[in-house]
Amino acid sequence: MVASVPNKFVGTTTQDVSSLDANFDALVNFLNSGVDFQGAELVSSYAAIRALTASITSTTLAFTTGRLSMGDGGMGWFRADASDTTSADNDGTILVATDGMRWKRLFAGALNVLWFGFGGGVDIASLWANVVSASGNLYDIWFPPEHYYTSDYLDCAGLKFIDIYGDGFASHIENNSTTAGHGSVFVSYGPQRGTIPDFTTYALNDIVPSDHVLTFVTAADAANIVAGELYYLGSNDNVVSSTTVPLPTFSTIIKVVAVDTTGGTVTLDSALGWGVASPVISNTNTTANPTSQAGMLEEVGVHGFRFTTPQTASEGGKGINFAGMYKCHIHNIHENGQTAVSLNMIVRSHIHDLSFTLDDYGWGAYGAEIAWGCTDSTIENISTDVRNMNANTTLHPAVEVSEQGHGVTVRNIRVNAPESYFQDVIGLQGSVHTTVQNVHGVIGVLPQYQPVINCLAHSLSPSHDMHYVIDGVDMRVVSPQAGCFGVAIGGSASPNPFLKNIDIKNVHLDGDFSGDGLIHLTGQLENVTIEVEGTSGTIAATSAANGAVFNNVRILNSITDGPYSAGVERIYGSGNTRVGNASPPAARLAPTLVADTAANIGVLDYTLVGTDSKYQNDRFLIKCQGYPTGTAGAKTVAISIFGTVYTLASFAAADTGSSAPFTAEIELILSGDYTTAAGVYGTIRSWVKGVLTELPIYLSAVTFTGDELLQLQAWVAVSGDTVEIWGTIERLYQENTN
């Protein structure tokens, strides 16, 4: 923004010219308003400023009405700086006259790209370097409303502490390159998969999550680190055993704020938050990728743009393609092209409010591609619109988080593709501790072998201990093709045997998945819970003969049609494969007065229907509470578990009313071969008059080919006393495997 005109050149009035750059009429009115320039040179172009010489200049100030001509956006004040004899002409904020005088623009706030010749249909690719140089990581960069064109990407490597911003949809940057690798808009190639072998690294002691001071194995190595800089930090391993495509178990970016060369330590700006075994820190890299370390971005914001990028067989552009971001902020971006944002190794960053449109070309695309080493970051509020895509489309997920993501949250995703082919909506491949929430929309055609939700062990995954949580998905598939899936989860035997710890819940899928499966499980899975609603479909699983191992896999659903047995098709596998079959609803007891002198009275029954399943595991939760009244005699509350009675609360004659409350909670697990004898075990926790008592439950020989009964009971010893009791008996899940 141009600063206000100094008072001494306009009499007693200060004229703010910051709004005149792109407003020709306002500029003309300003010049015709009688402003007194009092000796300052008034010119119409940068060329005229460069032609000024000391012999004709009676003042150190000049005002130009434009860059090439009046009203083209280059207007502003310049001051001659005779003390500077070295600064280069950047064609925007520093102009070097023919006599060597440096004329420097007077401005406050952000750089305006129009000063540097942007706009008017020119190719801005070669002009961008001048803008970055003029910014010097001190000034933000502003793209006023305009349609800008570039034939190459705009390199953002090494930017820090600035914002690059436009005025929303009106600030439109179009890359029209047809050259592979040059079709994106803003690009920074920092650390990414394939560059790790080039790093020079130094060994650190093991890190625990709370560490913010890191210690070198060799103290002298600390001298290679500079306070205030960003560094790559990772584990010193390579699970892929490749020198060209390495994948350490852990990779991230850290900010070093202090270095102790004597003690051999570095202090981070905050605790790392993750444990890392055998870590290394890098300070440079060698010839193959010389800009990887220097290319990292720190506290950079990019927002308020519309991008158009090529969609051809030779090039698919991306609005933003960054690798290596620390505490950055990208938001309010609209992309018409291949991918809105493609981000590698983003750390503690926030990406939000992205919209993505793809029309009329079958080419691979993402809404947001979050790849390799992204840590502790949030991606949210993404809208994807796809129209007229054909069967040749390789359309990748609306959002994908892959390869070493740690602590990434993705939420509020909308997909609108009612006429188009789609590969999958959410793809989680090789990341860990990833949460996806609130995904909704419609897709036209889901091709064979493609899922709506895809959780896979990536071929380059260093860890399969995933900790995925997917919560809240509502998708309609107009034409699911035979063999497509609603939810696909697949583990592999190498490099780690199991895909572990996945929780998928509150998912509704509308479409005919009666082919290979609403839920498709393959490979080796452990600790997986799936809760899915769908209009139809099977649950398909690879057989043990094909290497499948399912250990503690629970499927809970409310599907009502399709080829199921007892509500859902059973899965055959080893371990505890749980299938949520249709169970009676929770039994509930409203407040009830019990008064009797003969024996326990059953006040709440829950009947387990006999099963022909060979193996079955069930879990029950029983809760009750209340209080006795009357002082004539003793009172008791109990639970009968398949005929064996356990006392929950005992009261003396004097115990009565709110002074003698009780609460009990029973967690009950049924497990075993029900055709012979099963184990029943659990814990009773009861609070009587504020005192907690815990009692273990174990029954070693129970068969379930016939019906069995859980019953809540109460009794009083003397007529006239009562026990008021209420509670619930609820089956949380039921397993069937044969």
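Residues numbered from 1 in each chain as written. Predicted model: local features only at pLDDT ≥ 70, side-chain atom pairs only at ≥ 80, totals over all residues. Heavy atoms only, no water.

(A) Layout of the overall build of the protein. Along the protein, the regular secondary structure elements total three helices and 49 strands. Scored against the burial criterion, the 738 residues of the protein give a buried share of 53%. Contacts in the protein between residues at least 24 apart in sequence constitute 73% of all its contacts with a sequence separation of at least 6. Counting every atom, the protein has about 27,800 Å² of accessible surface; 50% of that belongs to carbon and sulfur. (Helix = DSSP H or I, 4+ residues; strand = E, 2+ residues; numbered from the N terminus. Buried < 20%, exposed > 50% of the residue type's maximum accessible area, 1.4 Å probe, protein only. Contact = heavy atoms within 4.5 Å. Areas by Shrake-Rupley, 256 points an atom, 1.4 Å probe, with all protein chains shown as cover.)

(B) Quick look at the nonpolar core. If you look at the biggest cluster of nonpolar residues, it comprises 101 residues, and the most contacted ones within it are Phe143, Ile164, Phe186 and Ile489. Formed by 36 residues, the second largest nonpolar core is a distinct cluster that contains Phe651, Ile697, Leu712 and Ile725. (Core = buried A, V, L, I, M, F, W, Y, C linked by side-chain atoms within 4.5 Å.)

(C) Structural detail: the side chain of His352. Topologically, His352 is positioned in strand β24 (residues 350-359). The class of His352 is buried, set by a relative accessible area of 12%. There is a polar contact of 2.5 Å between the side chain of His352 and the side chain of Asp353. With residues near it in sequence (within four places) discarded, His352 still touches His329, Ile330, His331, Asn332, Glu380 and Asn381. (Polar contact = N/O pair within 3.5 Å; in protein donor to acceptor, adjacent residues only side chain to side chain.)

(D) Representation of the pattern of salt bridges. Under the definition given, this model contains 15 salt bridges. Asp503 is the partner of Lys505 in a salt bridge, and the nearest nitrogen-oxygen pair spans 4.0 Å. Bridged by salt links that share partners, the residues Arg50, Arg67, Asp89 and Asp91 form one connected network. (Salt bridge = Lys/Arg side-chain N within 4 Å of Asp/Glu carboxyl O.)

(E) Here's a closer look at the sheet that holds strand β48 (residues 708-716). With antiparallel pairing, the four strands of this open sheet are ordered in space as β41-β48-β43-β44. The sheet terminates laterally at β41 (601-608) and β44 (644-651), the two strands that pair on one side only. Direction aside, the axes of adjacent strands within the sheet are offset by 15° on average. Bridge count between strand β43 (residues 635-641) and β48: seven bridges; the pairing is antiparallel. Each bridged residue has a counterpart across the sheet, and for Ile639 the counterpart in β48 is Leu712. (Pairing = 2+ DSSP bridges. Axes fitted to C-alpha atoms, helices over the stretch in contact; angles between N-to-C directions.)

(F) Representation of the sheet that holds strand β1 (residues 41-43) in the model. Reading across from one edge, β1-β2-β3-β5-β4 is the order of the five strands in this open sheet, with mixed pairing throughout. One side of each edge strand has no neighbouring strand; the edge strands of this open sheet are β1 and β4 (94-96). On average, each strand axis in the sheet is tilted by 25° relative to the strand beside it, whichever way the strands run. Pairing geometry for β4 and strand β5 (residues 102-105), over three bridges, is antiparallel. By the bridge assignment for β5, Ile94 is matched with Lys104.

(G) Structural view of the confidence of the model for the protein. Of the residues in the protein, 74% have a pLDDT of 70 or more, and the chain-wide mean is 79. The secondary-structure element of the protein with the lowest mean pLDDT is strand β39 (residues 577-579), recorded at 42, while strand β7 (residues 141-143) shows the highest, at 98. For the stretch residues 1-22, pLDDT sits under 50, and the model shows 62 contacts to residues farther than four places along the chain or on other chains. (pLDDT = per-residue confidence, 0-100.)

(H) The arrangement of helix α3 (residues 128-135) in detail. Restricting attention to buried positions, one finds in α3 the residues Trp128, Val131, Ala134 and Ser135. Down the axis of α3, the buried set is contained in an arc of 130°. They therefore lie on one face. Facing away from the buried side of α3, by more than 90 degrees, are the exposed residues Ala129 and Ser133. Residues of α3 that are buried sit in contact with β6 (111-112), β7, β9 (154-155), β10 (163-166) and β12 (186-189). (Arc of directions from axis to C-beta.)

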